[in-house]
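Listed here are the chains, written in short residue letters.
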Amino acid sequence: MNACKSILGLRPYQGGKPIEELKRELGLETVIKLASNENPLGASVKVIEAIKKSLAEIYRYPDGNGFSLKSALGAHLGVSIDTLTLGNGSNEVLELIARVFVSEASDEVIFSQYAFPVYPLATQALGATAKVTPAKNFGHDLEAMLSKINNNTKLIFVANPNNPTGTLLSNDELHNFLERVPETIPVVLDQAYIEYLNADDDPTISWLDAFSNLIITRTFSKAYGLAGLRVGYAISSTEIADYINRVREPFNVNHVAQSAAIAALADDEYLQTSIKVNNAGVKQLEAGFAKLGLTFIASSANFVAVEVVNANDTFEKLLREGVIVRPVEMPNYLRVSVGTEDENTRLLEALETVL
Ligand SMILES: *Cc1c(COP(=O)(O)O)cnc(C)c1O
C-alpha cells in the first residue's frame, strides 16, 4: 500500500505504560503510575454522579455544538461562546488548528525543542515543515522563535507551562512576544497546566481582544481529572473559532464527556484540592530529588523533570519496583508526574533503591 509520504516518517505517539500491562508483564501486585500527568486524586465524586446521570442519554448523538458546556465555559472564563471550540482532548484541538492553517510542504510551523510531542506530529502529518528552536534553560527561547518567522510561517506553538520541562514564561515575556509576531500568523498558547498557577492572576484571556491571532488551548485532562474522557477547548477570535469548527468532526466530544466537563467546572472544591495536593507534591518531589543529590528542573506544572545518569536504565529499574515514570526526549531526564503524598514517597524510595 502507498501511504502518503508525510505519514511514512511518523511514529505513533507513545503514551505512558498502562498499569495493567506492567502488572501482567512483571507479575507485580501494586503498581503506581506517575507517567502521564494525570490527576492523582481520581475524578471528582460530583463528576462521577453527573456521568451516571448522563448515561441515560447515550443512545442519542451528543450536542455537536456543545452548547451547555460552552455556556458553562463562557460564564466561567468570561468569554462569549462563539470564541470557544471544543475538542476530543486539547490534543484534537491542536491538530484541528494545524489543519486550518497548514497544508503545503513549504508551510512552516515554529515550536521549541523539548515541547509537546503533538506539535511535531501534527506538523509532519500534514507534510509541512517544522522549525524547531533550541531550548533555552530547558524552556522556550522566544527570541529564537521570532527569528524563525518568515513569509512561509503559518503557525507557532508555545506551551506555558511547558511539558515535559515544567518551565514557565512570564506574562511579560509572552506579551512582548505576541506584540512582535505579525498579526497574520496564528500563535497557539497551550495552557494545559494553567490551573496549577494562580488562575486569578492570569491575564492571557484578556489578551485575545488585542491579538486576533492568539489561540489559547486548555484541557480537562489535568487539574480537572478527566484525562480518560477526552475534553479540551480553544479560546480564540470568533473568526478562528469558525474556521476550526469547519474542519471539526460534528460529534467530536461525546455526551458523557460534555456532561462530566460541566460538572467538573462547577466543582471548584475539587479543583482547589487538586491544586493544593499538586503544589505540595511538587515540593515533596523536588525536596526528595535534592536529598538524593539529583538535579531537577523547577516545575510550574504537575510533574517534575529530573536528571539521572541513564534515563532508560533508571526507567526500566523503576518499572521493576512497580513505579511507572516517563522517559522523555531530553537526554538523561525522566519526567515524574506528581502523585498523592504516598505515591511520591514510594517513587522517591524506589529511586533511592535503584540509583
Ligand atoms: C497533556 C497536554 C495536552 C493535552 O492533553 P489532552 O488530554 O489532549 O487535552 C496538551 N498540551 C500539553 C502541553 C500537555 O501536556
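Residues numbered from 1 in each chain as written. Predicted model: local features only at pLDDT ≥ 70, side-chain atom pairs only at ≥ 80, totals over all residues. Heavy atoms only, no water.

### Remarks on the site of the ligand
Phase 1: For the ligand, the full set of nearby residues is Gly89, Ser90, Asn91, Phe116, Asn163, Asp190, Ala192, Tyr193, Thr219, Ser221, Lys222 and Arg230.
Phase 2: Contact between the ligand and Asp190: a nitrogen atom at 2.6 Å from a side-chain N or O atom of the residue.
Phase 3: Contacts to the ligand include Lys222, whose side-chain N or O atom sits 3.2 Å from an oxygen atom.
Phase 4: Alone, the ligand offers 380 Å² of accessible surface; in the complex the protein occludes 94% of this.
Phase 5: Top contributing element to the shell around the ligand by residue count: helix H5 (residues 89-101), with three residues.
Phase 6: Grouping the constituent residues of the shell around the ligand by class yields three nonpolar, six polar and three charged. (Near = heavy atom within 4 Å. Polar contact = N/O pair within 3.5 Å; in protein donor to acceptor, adjacent residues only side chain to side chain. Areas by Shrake-Rupley, 256 points an atom, 1.4 Å probe, with all protein chains shown as cover. Helix = DSSP H or I, 4+ residues; strand = E, 2+ residues; numbered from the N terminus. Nonpolar A, V, L, I, M, F, W, Y, C, P; charged D, E, K, R; others polar.)

### What to know about the side chain of Ser259
Phase 1: Its place among the elements puts Ser259 in helix H10 (residues 255-266).
Phase 2: Excluding residues that lie within four positions of it along the chain, Ser259 makes contacts with Ala50 and Ser54. (Contact = heavy atoms within 4.5 Å.)

### Some remarks on the environment of Gly127
Phase 1: Looking at where Gly127 falls in the secondary structure, it is placed in the loop between helix H6 (118-125) and strand E4 (129-133).
Phase 2: The partly exposed category is assigned to Gly127, whose relative accessible area is 26%.
Phase 3: When near neighbours in sequence (up to four residues on either side) are disregarded, Gly127 contacts Ser6, Glu104 and Ala105. (Buried < 20%, exposed > 50% of the residue type's maximum accessible area, 1.4 Å probe, protein only.)

### Examining the pattern of salt bridges
Phase 1: For the structure shown, the criterion picks out ten salt bridges.
Phase 2: Salt-bridge contacts for Lys23 lead to Glu20; the nearest nitrogen and oxygen are separated by 3.7 Å. You can see Lys23 and its partner Glu20 sitting in helix H2 (residues 19-26), three residues apart, about one turn around the helix.
Phase 3: Overall, the relative accessible area of 25% leaves Lys23 in the partly exposed class.
Phase 4: Taking the shortest distance from any N to any O, the salt bridge between Glu143 and Arg180 comes out at 2.7 Å. (Salt bridge = Lys/Arg side-chain N within 4 Å of Asp/Glu carboxyl O.)

### Comments concerning the sheet that holds strand E7 (residues 214-219)
Phase 1: On the basis of which strands lie adjacent, the open sheet formed by seven strands has the order E2-E8-E7-E6-E5-E3-E4 and mixed pairing. Strands at the two margins of the open sheet, each flanked by one partner only, are strand E2 (84-87) and E4. Averaged over all pairs of adjacent strands, the angle between strand axes in this sheet comes to 20 degrees, irrespective of strand direction.
Phase 2: Where strand E6 (residues 187-190) meets E7, four bridges bridge the pair, whose relative direction is parallel. (Pairing = 2+ DSSP bridges. Axes fitted to C-alpha atoms, helices over the stretch in contact; angles between N-to-C directions.)

### Examining the nonpolar core
Phase 1: Counting 53 residues, the largest nonpolar core has Leu73, Ile156, Val158, Phe177, Phe220 and Ile235 as its most contacted members.
Phase 2: Here the element with the most residues in this core is H10; it accounts for seven residues.
Phase 3: Each of two domains, domain 1 (15-42 + 269-354) and domain 2 (45-266), supplies a minimum of three residues to this core.
Phase 4: Setting aside its immediate chain neighbours within four residues, Phe177 contacts Leu142, Met145, Leu146, Ile156, Val158 and Val187.
Phase 5: Core analysis: the second largest hydrophobic core is formed by 27 residues, Val31, Val282, Ala311 and Leu318 among them. (Core = buried A, V, L, I, M, F, W, Y, C linked by side-chain atoms within 4.5 Å. Domains from an automatic or database assignment.)

### With respect to helix H9 (residues 238-247)
Phase 1: Among all positions of H9, only Ile240, Ala241 and Ile244 are buried. Viewed along the axis of H9, the buried residues span an arc of 100 degrees, placing them on a single side of the element.
Phase 2: Residues of H9 that are buried make contact with E2, H5, E7 and strand E8 (232-235). (Arc of directions from axis to C-beta.)

### Some details on the packing of helix H12 (residues 311-320) against helix H13 (residues 341-354)
Phase 1: Taken N-terminus to C-terminus, the directions of H12 and H13 make an angle of 120 degrees; their axes are 10 Å apart at the nearest point. On the basis of the axis angle, H12 is oblique to H13. Note on packing geometry: the crossing formed by H12 with H13 is right-handed. Where H12 approaches H13, its residues Thr314, Lys317 and Leu318 are matched on the opposing element by Leu347, Ala350, Leu351 and Val354.
Phase 2: Its residues placed into classes, the contact of H12 with H13 shows five nonpolar, one polar and one charged. (Parallel < 35°, antiparallel > 145°, perpendicular 65-115°, else oblique. Left-handed = near helix turned anticlockwise from the far one by under 90°.)

### Description of the pairing of E7
Phase 1: The buried fraction of E7 is high, at six of six residues.
Phase 2: Alternating residues of E7 divide into Leu214, Ile216 and Arg218 and Ile215, Thr217 and Thr219, and every residue in both groups is buried.
Phase 3: Bridging between E7 and E8 involves four bridges; their strand directions are antiparallel. From the neighbouring strand, Arg218 faces E8, where its bridge partner is Tyr233.

### Details of the packing of aromatic side chains
The relative placement of two aromatic rings is captured by the distance of their centres and the angle of their planes.
Phase 1: Taken as a whole, this structure holds nine aromatic pairs when the rule is applied.
Phase 2: Centre to centre, the rings of Phe220 and Tyr224 are 5.0 Å apart; their planes meet at 45 degrees, and the pair counts as tilted. The burial state of Phe220 is the same as that of Tyr224; both residues are buried.
Phase 3: Between the NZ or CZ atom of Arg335 and the centre of the ring of Phe303, over which it lies, the distance is 5.6 Å. (Phe/Tyr/Trp six-rings, centres within 6.5 Å; stacked < 30°, edge-to-face > 60°. Lys NZ or Arg CZ within 6 Å of the ring centre and 35° of its normal.)

### A short note on the packing of H5 against H6
Phase 1: Taken N-terminus to C-terminus, the directions of H5 and H6 make an angle of 40 degrees; their axes are 10 Å apart at the nearest point. One way to sum up the angle between H5 and H6 is to call them oblique. In the packing of H5 onto H6, the handedness of the crossing is right-handed. Each of Asn91, Leu94, Glu95 and Ala98 in H5 lies in contact with H6, whose residues at this interface are Val118, Tyr119 and Ala122.

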